[in-house]
Protein chains: 8
Amino acid sequence: ERTGVPEAVLADGKTTAEVADLAATAVETTGRALCTRVDDPTAETVTTALAEEFPDSNVEYDERARTLVAHAPAFDPPALDADVGVVAAGTADAAAAGEAATTLTEMGARVTRVSDVGVAGLHRTIDALADLRAMDVLVVAAGREGALPTVLAGLVDVPIIGLPVASGYGHGGAGEAALAGMLQSCAPVTVVNVDAGYAAGVQAGLVARSVDSARTDGRR
Amino acid sequence: ERTGVPEAVLADGKTTAEVADLAATAVETTGRALCTRVDDPTAETVTTALAEEFPDSNVEYDERARTLVAHAPAFDPPALDADVGVVAAGTADAAAAGEAATTLTEMGARVTRVSDVGVAGLHRTIDALADLRAMDVLVVAAGREGALPTVLAGLVDVPIIGLPVASGYGHGGAGEAALAGMLQSCAPVTVVNVDAGYAAGVQAGLVARSVDSARTDGRR
Amino acid sequence: ERTGVPEAVLADGKTTAEVADLAATAVETTGRALCTRVDDPTAETVTTALAEEFPDSNVEYDERARTLVAHAPAFDPPALDADVGVVAAGTADAAAAGEAATTLTEMGARVTRVSDVGVAGLHRTIDALADLRAMDVLVVAAGREGALPTVLAGLVDVPIIGLPVASGYGHGGAGEAALAGMLQSCAPVTVVNVDAGYAAGVQAGLVARSVDSARTDGRR
Amino acid sequence: ERTGVPEAVLADGKTTAEVADLAATAVETTGRALCTRVDDPTAETVTTALAEEFPDSNVEYDERARTLVAHAPAFDPPALDADVGVVAAGTADAAAAGEAATTLTEMGARVTRVSDVGVAGLHRTIDALADLRAMDVLVVAAGREGALPTVLAGLVDVPIIGLPVASGYGHGGAGEAALAGMLQSCAPVTVVNVDAGYAAGVQAGLVARSVDSARTDGRR
Amino acid sequence: ERTGVPEAVLADGKTTAEVADLAATAVETTGRALCTRVDDPTAETVTTALAEEFPDSNVEYDERARTLVAHAPAFDPPALDADVGVVAAGTADAAAAGEAATTLTEMGARVTRVSDVGVAGLHRTIDALADLRAMDVLVVAAGREGALPTVLAGLVDVPIIGLPVASGYGHGGAGEAALAGMLQSCAPVTVVNVDAGYAAGVQAGLVARSVDSARTDGRR
Amino acid sequence: ERTGVPEAVLADGKTTAEVADLAATAVETTGRALCTRVDDPTAETVTTALAEEFPDSNVEYDERARTLVAHAPAFDPPALDADVGVVAAGTADAAAAGEAATTLTEMGARVTRVSDVGVAGLHRTIDALADLRAMDVLVVAAGREGALPTVLAGLVDVPIIGLPVASGYGHGGAGEAALAGMLQSCAPVTVVNVDAGYAAGVQAGLVARSVDSARTDGRR
Amino acid sequence: ERTGVPEAVLADGKTTAEVADLAATAVETTGRALCTRVDDPTAETVTTALAEEFPDSNVEYDERARTLVAHAPAFDPPALDADVGVVAAGTADAAAAGEAATTLTEMGARVTRVSDVGVAGLHRTIDALADLRAMDVLVVAAGREGALPTVLAGLVDVPIIGLPVASGYGHGGAGEAALAGMLQSCAPVTVVNVDAGYAAGVQAGLVARSVDSARTDGRR
Amino acid sequence: ERTGVPEAVLADGKTTAEVADLAATAVETTGRALCTRVDDPTAETVTTALAEEFPDSNVEYDERARTLVAHAPAFDPPALDADVGVVAAGTADAAAAGEAATTLTEMGARVTRVSDVGVAGLHRTIDALADLRAMDVLVVAAGREGALPTVLAGLVDVPIIGLPVASGYGHGGAGEAALAGMLQSCAPVTVVNVDAGYAAGVQAGLVARSVDSARTDGRR
Ligand SMILES: Nc1ncnc2c1ncn2[C@@H]1O[C@H](COP(=O)(O)O)[C@@H](O)[C@H]1O
Ligand SMILES: Nc1ncnc2c1ncn2[C@@H]1O[C@H](COP(=O)(O)O)[C@@H](O)[C@H]1O
Ligand SMILES: Nc1ncnc2c1ncn2[C@@H]1O[C@H](COP(=O)(O)O)[C@@H](O)[C@H]1O
Ligand SMILES: Nc1ncnc2c1ncn2[C@@H]1O[C@H](COP(=O)(O)O)[C@@H](O)[C@H]1O
Ligand SMILES: [Mg+2]
Ligand SMILES: [Mg+2]
Ligand SMILES: [Mg+2]
Ligand SMILES: [Mg+2]
Ligand SMILES: [Mg+2]
Ligand SMILES: [Mg+2]
Ligand SMILES: [Mg+2]
Ligand SMILES: [Mg+2]
């Protein structure tokens, strides 16, 4: 049985009542709920509902990442001996990067956030290299032309998961140029779908687990 | 400086003379050449040329994977304490999976090949689960609808890099359906471009390096 | 003349008055109305209008399937000696599957609903196999990467109509990845358009009619 | 275990040796081989190879359908009490329709071919209606704008599987207009991928099996 | 100088004030205004504004066609000795067909409307053939798979302008399947863009002018 | 019955034998054959075959237009009192324009060819205006960005059928930019598919017939 | 360090508070803020906020161009000895052209606006030629089929930056036809993305700087 | 009349005889011919033909750029006081960059070639910055993800024309990812079509002319 990956409730396209129900069931059965793409009113209602049903639980909503996490009192969060860097080129990339970061935190990885390192201001990127090289795996979010993962993959030898972001307009907008560019990257990276911060987080978290196992037992 | 990733010569779209030149330069400067998408006549010419220029070098051509690897006599290949599984659904997936496997071998990872585990014959997939769970990271090649990475990601907790293969015809052919399906996978995976065995190999190899470092030093 | 297929009023893109009119005409001329893609306020208005115009008629609205069915008092519903399974992978697939199920019920088929059998939890799928093999034809709804029809077609020998669902986001979203994947399925299935529950229902219903004729007369 | 559907060897993209090998294995293990998309020289070589290896086998190549079928001497072909119509609009549709017909014949269905019934000459279509209404299921191949399945679905109450054909040029060429038109058909049909005669045949064959079971046992 | 084609104000994407201004200028300079894609509130405001500015003008708004036409008191409308048929398959096609009809009326053509002649009910189409054959040119609006112009072009020898309509959903929705189908039509037709009733009307009107000239002077 | 439109044999994708057969049947049954997209060797073989079978027939092959026309000795070609202009922007447009011209000639229209009037050399276009205004209908072929029909539609009041040509490379190549541009033309035109000279010819010919009827009988 | 290009705040997709913050920071650090795609309510709030924080600053909002520019009291605007023409075909092109013009003004170029010179009314275009030929570089905005840059590039020898505009509907709508047409233009031009007035302005401004340097120093 | 831009003969899609004819006419009328996309055998034939017809002419073929240039003895080539940099990321970009360079040379610009400055090896790019900043305008060719123009536009204030190159495979291959990325570039650039070296050269040459005029007369 798969146990390492937290199931997520994708709030987008569900009614508030459905999200609240699914979150409550998750807390009930696994001690935890992770909801993604939650807007403010939904967050408020779900938080209230969970607080009522699970009096001592801890519920946290991240407005930027649009994630809501609930832990039952008895929930024992995992902790991995592994470092994941979550890099974002600009403000527009914060939501997707945040979703990845929340997912990684829930999987127990140590997360380092690095922001404002876009290709149009390369010196900030270069300043961050030492930090990035110390990570076990990187998630790199970028919109528009999505060149940041390519540039970084030419500079560091850490695994890189490119996370294309739905910014930009016109031809190649809505993240399609960034996705295509990362798939064509002359310095190879892996990729998840546009704005799929949860998917990037899950896979980076699984790499962190492989590393943690190696560090802890020497064996997987 | 980046040292861990072997630069590859993409033979497709180059003349045989250009491939031979670039391979010779690579052997000269790094002790090794890795050429991809090499057809049989090109392989023959390049092998002869390298054998002449580097008398005691070792040159190997894999017809299925279409890769050619040359090692100078003094070349000391890396060896990582990490296991990578390379899974292929069917015959049509062998070339892309082979390119990933060669790249991984060159990066020093221990590679386990698993074949004929397509979703249309699930029992073979289920038989392979124990082996797959022992790996540190998986590359999973699949063409047509590309469902295999999704099915595996629901069954094992190992990081998975989906490698879509350009098989199929009609709408969504040439690997586009497989790519889109992996990006939409309800069990999250990361993805590389269609037939991009080298990119999948490089990234799986970098995960293997992170794991190897963790096993060896406890630290990266 | 074609008599077996109930004409449907597609409420989407029509005014409430137009839907009510068309439904009343259908009841008037054929004894029955089948409306699809009906939202809650439209359903309320149309129900009231039909109740007034046809005092003893029976009107039923299915909020999940978004279908509204009205039978005149004298309407004699068909009944086929044939079984159709309607399978849905997850919550997001319920609306499309429901539209297919309502259509099938109106055509007189015996409908068996099977839910929550997504590829990310294969054991539930395997548990359902015996039930599915007893059907004369299957409608299988799936969103995101749409792998469920492929997996089932590898396990059962019953005709399968794949029904792609408009879930997912980013590249291949809005059902396009699921549609392409079903068209490329390595285990062959037939397909209808994204969210086209009515079309899937009509065709599965026509198969049920062929089977019913065979059972009843031995001949068509 | 699935037994009803003959596995097919897709010759396109395989070497002649690979096709011969796979066909021999199929004859060896199942008493039969069905190869699709076989060109003339491949057919000749494979026929010779099979004749040598299985002296009393029967090998038939259909140049138009590009299918090659081999039966071991002991092979006992299935026979279903069910009728399938395979309709083709014009000459360009003959190959895809032929692939469906061969597949159906191998599954044991009684096949009726109807040709030259394009929408640009409606009277021929109307002349064929009585024949078509006597079938248990129809496969309807059409290229260019692909309107024939739509027109037929408005005239007969038999299940229809649309088979788009890769004819036409310019915008919507290569079968894409026909595929999109069948998916949008105002009279609902199911669809397979462009030129996917094998898939249409398999699914029509499974309907024929459901009907045959109903005729034979009354039950499936 | 071009004089025969009435310039149209495309209201979509303009503010109500801009539409009112442009319409007033048109009445002022040419004696007439033709506005397309006008919604109800815009129509009301523009009508009031024109009535005030041009006291004896005649303003007519067609809610279905979403066209608004204003004639100054002195405006002398053209009258052509030529017949144009405007055919619509269903309710969803009424708006586009209406825009074409209004444009044609303004160009002075005699317009015959034919409705409810969809391919799913061929007998109504066949009943209309005599009327259609008496026309000098036809505009044929159709959504979904857009097969009606193809079917008619196989039955009559009158020039046909196909007008694809943005109905349908899923793959090929928003009129793309209809457009592609008309471009691929096995019985040739000409085409305008999706919902481009004005363009269809202008070109059919120019054919009517060529015919009218021929009738009137014998020469153009 | 439709009699006015010559059926054409599309040689592309047919064997030489098939083209020869279909052409012979056409001459046999209608006194005439029109073959399109005929390459030089096919033309030679078909010409020889027709000459043998129909000793006194007249066969003409137009290498540029890639059309082959055969008339039986007794064939009485139609003659319409109507003028059609066939305009081509450049050398690359000659084949498509030629196919339209041949089709029109076969329908009996008087055809005027106008060449080298591309938008990059507007003065030649302006010089041709008087000639173009004397036509009853225009076919305007253009590749690359396809602006010529737009420019002409702003200058003359004659019906215009845009014929996009598959020239250009990169994004929007193969005629797609020209097609999209003509569909979006700010001065309305009708359009046929890329390189569809036959379709443009047929429809322009039907306009010519409407005009001819008007000139001859006053009535259609 | 890059100093010549004003960084712009893209208001679209940001909250009003974020735009106000970013604008204030820009004024603080560079003496100037340039915001694009600003709607009326955002403009009002941002203007008030800036006025409060920078009492003597000058803030200007252009409703048509949707740009907001703020200058700190001490800001010393650049002035280039170079002329840029900004040409717009119609009303729908005014916003994109306005964004380019504002950007150019901020870079210090002398800007000449030319409007209403669409290809459907060529004489106005021809009247403007003398003015256009006096410019050092042109930005030419056009929607629908986007033919204006092509027509101008055939008439003047000044560098031309095509700016496709998101007008039009149906196939090739949202500026895609205009973009593709400009990329295929038979008279070569350069292009920016759909509605990318800022990008066109920046690059035209850099040409103006090159010209200004040449005029001023003789050298760059 | 436009005089500054050399008309080019695009050899692709023309017969060798046509290219030779058009080239001869160009030499005859303008003293010069510029042919693009010329392959080796065509070059040989055309060179011989021109040498015969114009005994003292100078003909040069660039195998890499695939351009052929012929100057009549009396031809007086232009010379501009302006510098253009032509930058190429890798070997695959050499053909497109070469076509731009030849075009620029023919327009009289001083051309500086910079090669091997791809984003995967940033230090080489940074080494080249001083040279690039001394140019009046840059043409930057890049395939795969096409990130180089973006990176350079963040580092230099010179006008940049991005030239996407048709390298890469899979999704976004054939230059589409590079084109989309340049259009979305977070540091603005202008763009030409995929492999359109001639277009990039013409526009960069026109900028060079504007600069040259400014340097020479102070005025245009
Ligand atoms: N933000 C997200 N992006 C992509 N997939 C997600 C996201 N959040 C949740 N999921 C996946 O979607 C599934 C939930 O789907 P549902 O049953 O519709 O709630 C989860 O099991 C996750 O695998
Ligand atoms: N003509 C065909 N079109 C689509 N799928 C086919 C065709 N022929 C065979 N197949 C499928 O492709 C599989 C064979 O794939 P392969 O292992 O590559 O030979 C078979 O199991 C069939 O399901
Ligand atoms: N419904 C319509 N569809 C397509 N084009 C139209 C329509 N109405 C008006 N037009 C064209 O668009 C132009 C008006 O554009 P505008 O200047 O934006 O009002 C007119 O000159 C017509 O050629
Ligand atoms: N390599 C090229 N890429 C794009 N356009 C070109 C190229 N070479 C020539 N052209 C353009 O194409 C036109 C030649 O077209 P043609 O009449 O077909 O030879 C020239 O006037 C140029 O504007
Ligand atoms: Mg790296
Ligand atoms: Mg897993
Ligand atoms: Mg099955
Ligand atoms: Mg039917
Ligand atoms: Mg006709
Ligand atoms: Mg006109
Ligand atoms: Mg010019
Ligand atoms: Mg710059």
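Since we're looking at a predicted model, the values are computed, not measured.

Parameters and conventions
- Residues numbered from 1 in each chain as written.
- Chains lettered and ligands numbered in written order.
- Predicted model: local features only at pLDDT ≥ 70, side-chain atom pairs only at ≥ 80, totals over all residues.
- Heavy atoms only, no water.
- Salt bridge = Lys/Arg side-chain N within 4 Å of Asp/Glu carboxyl O.
- Helix = DSSP H or I, 4+ residues; strand = E, 2+ residues; numbered from the N terminus.
- Buried < 20%, exposed > 50% of the residue type's maximum accessible area, 1.4 Å probe, protein only.
- Near = heavy atom within 4 Å.
- Polar contact = N/O pair within 3.5 Å; in protein donor to acceptor, adjacent residues only side chain to side chain.
- Areas by Shrake-Rupley, 256 points an atom, 1.4 Å probe, with all protein chains shown as cover.
- Nonpolar A, V, L, I, M, F, W, Y, C, P; charged D, E, K, R; others polar.
- Domains from an automatic or database assignment.
- Contact = heavy atoms within 4.5 Å.
- Buried area = accessible area lost by both parts, 1.4 Å probe.
- Pairing = 2+ DSSP bridges.
- Axes fitted to C-alpha atoms, helices over the stretch in contact; angles between N-to-C directions.
- Least-squares fit on C-alpha atoms with pLDDT ≥ 70 in both.
- Expected span 1.5 Å × (residues − 1).

## What about the pattern of salt bridges?
Next up, step 1: Under the definition given, this model contains 56 salt bridges over all chains.
Next up, step 2: Across the salt bridge formed by D:Arg64 and F:Glu18, the nearest N and O atoms sit 3.6 Å from each other. Note that D:Arg64 is positioned in the loop between β3 (58-62) and β4 (67-71) and F:Glu18 in helix α1 (residues 16-30), a pairing that runs across two chains.
Next up, step 3: Under the relative-accessibility criterion, F:Glu18 is labelled partly exposed at 26%.
Next up, step 4: A salt bridge links H:Arg37 to H:Glu99; its shortest N-O distance comes to 3.8 Å. Taken together, the residues span a long stretch of sequence, with H:Arg37 in the loop between β2 (32-36) and α2 (40-53) and H:Glu99 in helix α3 (residues 94-107) at a distance of 62 residues. With respect to burial, H:Arg37 and H:Glu99 carry one shared label: buried.

## Comments concerning the site of ligand 1
Next up, step 1: Around ligand 1 sit A:Glu7, A:Ala8, A:Leu10, A:Lys14, A:Thr36, A:Arg37, A:Glu99, A:Tyr198, B:Cys186, C:Arg144 and C:Tyr169, and that is every residue in its neighbourhood.
Next up, step 2: Separating a nitrogen atom of ligand 1 from a side-chain N or O atom of A:Glu99 is a distance of 2.7 Å.
Next up, step 3: One of the side-chain nitrogen or oxygen atoms of C:Arg144 is found 3.3 Å away from a nitrogen atom of ligand 1.
Next up, step 4: Expressed as a share of its isolated accessible area of 500 Å², the protein-covered part of ligand 1 is 83%.
Next up, step 5: When grouped by side-chain class, the residues that make up the shell around ligand 1 number five nonpolar, one polar and five charged.

## What to know about the domain arrangement of chain A
All names here are of chain A.
Next up, step 1: Split by domain assignment, chain A resolves into domain 1 (8-71) and domain 2 (83-213).
Next up, step 2: A straight line from the C-alpha centre of domain 1 to that of domain 2 covers 26 Å.
Next up, step 3: Domain 1 puts ten residues into the contact, and the matching count from domain 2 is eleven residues.
Next up, step 4: Of the roughly 920 Å² buried where domain 1 meets domain 2, counting both sides, 53% is carbon and sulfur surface.
Next up, step 5: For the interface between domain 1 and domain 2, the tally reads two salt bridges.
Next up, step 6: Across the pair Glu 106 and Arg 32 runs a salt bridge whose closest N-O atoms are separated by 3.0 Å.

## Some details on the sheet that holds strand β3 (residues 58-62) of chain B
Residue and element names in this part refer to chain B.
Next up, step 1: Across the sheet, four strands lie side by side as β1-β2-β4-β3; this open sheet has mixed pairing. The sheet is open, and its two borders are formed by β1 (8-10) and β3, each paired with just one other strand. The sheet shows a mean angle of 15° between the axes of neighbouring strands, direction not considered.
Next up, step 2: Bridge analysis of β3 against strand β4 (residues 67-71) gives five bridges, and the strand direction is antiparallel. Within the sheet, the bridge partner assigned to Asp 62 lies in β4 and is Thr 67.
Next up, step 3: Sitting on the sheet, helix α2 (residues 40-53) is in contact with β3 and β4, with an inclination near 5° to β4.
Next up, step 4: Contacts between helix α3 (residues 94-107) and the sheet are confined to β2 (32-36) and β4, with β4 contributing the most and set at about 15° to the helix.

## Digging into the arrangement of the chains
Next up, step 1: As for chain D relative to chain A, no contact occurs, and the smallest C-alpha gap between them is 20 Å.
Next up, step 2: Taking C-alpha atoms only, the smallest gap left between chain C and chain G, which are not in contact, amounts to 17 Å.

## Some thoughts on the sheet that holds strand β1 (residues 8-10) of chain G
Through backbone hydrogen bonds, the strands of a sheet pair up, either in parallel or in antiparallel fashion.
Residues and elements named next belong to chain G.
Next up, step 1: The strand order across the open sheet built from four strands is β1-β2-β4-β3, with neighbouring strands paired in mixed fashion. In the strand order of this sheet, the two ends are held by β1 and β3 (58-62), each with one partner. The mean inter-strand angle of the sheet, taken between neighbouring strand axes irrespective of direction, is 15°.
Next up, step 2: Where helix α1 (residues 16-30) meets the sheet, it contacts β1, β2 (32-36) and β4 (67-71), and its direction lies at approximately 150° from that of β2.

## Here's the deal with the environment of B:Ala24
All names here are of chain B.
Next up, step 1: Note on placement: Ala 24 falls in helix α1 (residues 16-30).
Next up, step 2: The exposure class of Ala 24 is buried, given its relative accessible area of 9%.
Next up, step 3: Apart from residues lying up to four places away in sequence, Ala 24 is in contact with Leu 50, Glu 53 and Phe 54.

## A few points about the interface of chain F and chain E
Next up, step 1: Contact with chain F, which involves 43 residues of that partner, is made by 43 residues of chain E.
Next up, step 2: Roughly 3400 Å² is buried in total at the junction of chain F and chain E, and carbon and sulfur atoms are behind 52% of that figure.
Next up, step 3: Remark: the boundary between chain F and chain E carries two salt bridges.
Next up, step 4: With a closest N to O distance of 4.0 Å, E:Asp157 and F:Arg209 form a salt bridge.
Next up, step 5: Linking chain F to chain E there are nine residue pairs in polar contact (both at pLDDT 80 or more).
Next up, step 6: Within the residue set of the side of chain F that touches chain E, elements represented by two or more residues are β8 (160-164), α7 (176-183), β9 (190-191) and α8 (197-217) of chain F.
Next up, step 7: Counting residues per element, the side of chain F that touches chain E draws most heavily on α8(F), at eleven residues.

## Section: the relation of the copies chain F and chain E
Next up, step 1: Of the transformation placing chain F onto chain E, the axial shift is 0.0 Å and the rotation is 180°, giving an RMSD of 0.0 Å. In short, the pair behaves as if placed about a two-fold rotation axis.
Next up, step 2: An overlap of 98% is found between the interface residues of chain F and their copies at the interface of chain E, pointing to a shared contact surface.

## Examining the site of ligand 3
Next up, step 1: Lining the immediate surroundings of ligand 3 are E:Glu7, E:Ala8, E:Leu10, E:Lys14, E:Thr36, E:Arg37, E:Glu99, E:Tyr198, F:Cys186, G:Thr91, G:Arg144 and G:Tyr169.
Next up, step 2: With respect to ligand 3, its neighbouring residues span chains E, F and G.
Next up, step 3: Within the contact set of ligand 3, an oxygen atom lies 2.5 Å away from a side-chain nitrogen or oxygen of E:Lys14.
Next up, step 4: Within the complex, 83% of the 500 Å² of free accessible area of ligand 3 lies under protein.
Next up, step 5: Per-class residue counts for the shell around ligand 3 are five nonpolar, two polar and five charged.

## Thoughts on helix α8 (residues 197-217) of chain E
All names here are of chain E.
Next up, step 1: The end-to-end C-alpha separation of α8 is 30 Å, in line with the 30 Å expected for 21 residues at 1.5 Å each.
Next up, step 2: Among the 21 residues that make up α8, 18 are buried, leaving the element largely enclosed by the rest of the structure.
Next up, step 3: One or two positions beyond α8, positive phi appears at Gly 218, with a value near 75°.

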